[in-house]
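Okay, here's what each chain looks like letter by letter:
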Amino acid sequence: MSNVRIITKSSELPEMDCRDYFHSTDLFKILEQTPGCSPYMVVATDDEGRIEAHLLAMINRRGSWIPPYLYSAGRVYGEGQYETDDNTEKARLFELMLEAITKKFRRRLCLYIEFSNITKKMFGYKSFRKFSYFPVRWMQIHNSLHDKSPEERLPEKLRNRIANTYESGVTTGEATTKEDVSEFYKILKNFYRFKFQRFIPRESFFESFYKDGRNRIFITRYKKWVIGGCAVVYTKGNAYLWYLASKRKSFPMQHPNLMTVWHAMDYSYRHGYHHIYFMNVGLPFRKNPQREFILRFQGKPASTYRWFRFSFKWMNKVLNWLYRE
């Protein structure tokens, strides 16, 4: 018998072994201090109070004057962290946590709930279906950083382009000051200003993010201008490129996205990480420039699901029918 509770204040968090940054108390505390975000730690314990699993979820409040909209959305990255290797037990615990957080998000009037970056495509399939979630086929891309260096895997044309761009004066390095983070945030906010699907936290989130020893923000410069950047999480022996943005239209010949991604890959390889995962490669359309750009680095595409659930029953039923398999 397992007990599930949802914690909303960092002062009430128990001591937990947080191997996965996306379900860690550190990220919980950052989200707690970020305007527009509300974290929820779902904790499953046994009868003796020992933690069996935990899952970090969040509510993001979104709004804009142009076009006018205001709503909140539930968001979860991955399936949580478990203290057992038994797949049957993991499935049981996940269903308990999924039921609890779904009820909580419904009471908070979330327009929709989204689960992404599930490690195994079929993980939780029956549980998601049981609570009226529907799957949307999505692509995930990751690059191996072991056995061969990322440079060895690149096509010669791309290697030459990177070398020529470095020679033109473009540099990429870590953000080391609050001003660096602010410059990155300005680019990120402008890059996604008219993209409805992508939620960007407030600047305070990235200020706390880069101070955490497991994270890096890389920024790309050309002369006196900051022209691109990305935010990367290092956890479980891998790199996870979470946010990426650039001034690619203003500086097309400097290839800011190319140079930023390349530096993140090279840095991760030199520091001994096994893979780099791209957490968002764009919407699942047949032709997607962002996805094609990421694939140029010779990464491995994998078909997966993102799971959604809308609060309006009629809308959820229609979308469930549209995305039926």
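Please refer to the structure higher up on the page.
Residues numbered from 1 in each chain as written. Predicted model: local features only at pLDDT ≥ 70, side-chain atom pairs only at ≥ 80, totals over all residues. Heavy atoms only, no water.

J.: Before we go on, may I ask you to explain the overall build of the protein in this structure?
T.: Along the backbone of the protein there are ten helices and 13 strands. For 325 residues, the compact-globule estimate of 2.2 N^0.38 gives 20 Å, and the protein sits close to it at 20 Å. Structurally, the protein occupies a C-alpha span of about 60 × 45 × 40 Å along its principal axes. In the protein, buried positions account for 52% of the 325 residues. Counted over contacts in the protein with a minimum sequence separation of 6, partners at least 24 positions apart contribute 70%. On the protein, roughly 16,600 Å² of surface is accessible, and the fraction owed to carbon and sulfur atoms is 52%. (Helix = DSSP H or I, 4+ residues; strand = E, 2+ residues; numbered from the N terminus. Rg over C-alpha atoms; globule rule 2.2 N^0.38 Å. Buried < 20%, exposed > 50% of the residue type's maximum accessible area, 1.4 Å probe, protein only. Contact = heavy atoms within 4.5 Å. Areas by Shrake-Rupley, 256 points an atom, 1.4 Å probe, with all protein chains shown as cover.)

J.: Whenever I open this one, the state of the cysteines confuses me. Can you help?
T.: Covalently bonding the sulfur atom of one cysteine to the sulfur atom of another cysteine gives a disulfide. Under the counting rule described, the total for this entry stands at zero disulfides. Free cysteine Cys18: the closest other cysteine sulfur is in Cys37, separated by 18 Å. No disulfide involves Cys230; its sulfur sits 20 Å from that of Cys37, the nearest cysteine. The class for Cys230 is buried, based on a relative accessible area of 0%. (Disulfide = S-S within 2.5 Å.)

J.: Honestly, the packing of helix 1 (residues 25-32) against helix 7 (residues 203-211) in this entry has me stumped. Any pointers?
T.: Closest axis-to-axis distance for the helix 1/helix 7 pair is 9 Å, and the angle between their directions is 150 degrees. One finds that helix 1 runs roughly antiparallel with respect to helix 7. Between helix 1 and helix 7 lies a crossing whose hand is right-handed. Across the interface between the two elements, Leu27, Ile30 and Leu31 of helix 1 pack against Phe205, Ser208 and Phe209 of helix 7. When the residues that make up the contact of helix 1 with helix 7 are grouped by side-chain class, the tally is five nonpolar, one polar and no charged. (Axes fitted to C-alpha atoms, helices over the stretch in contact; angles between N-to-C directions. Parallel < 35°, antiparallel > 145°, perpendicular 65-115°, else oblique. Left-handed = near helix turned anticlockwise from the far one by under 90°. Nonpolar A, V, L, I, M, F, W, Y, C, P; charged D, E, K, R; others polar.)

J.: Would you mind going over unusual backbone geometry with me for this structure?
T.: Glycine aside, residues mostly have negative phi angles, and peptide bonds mostly take the trans form. One non-glycine residue with positive phi stands out, namely His255, at about 45 degrees. In this structure, His255 sits in the loop between strand 11 (238-246) and helix 8 (256-270). Among the residues examined, His255 registers a relative accessible area of 22% and is labelled partly exposed. Phi at Gln298 is positive, roughly 65 degrees, even though this residue is not glycine. Here Gln298 is to be found in the loop between helix 9 (289-295) and strand 13 (300-310).

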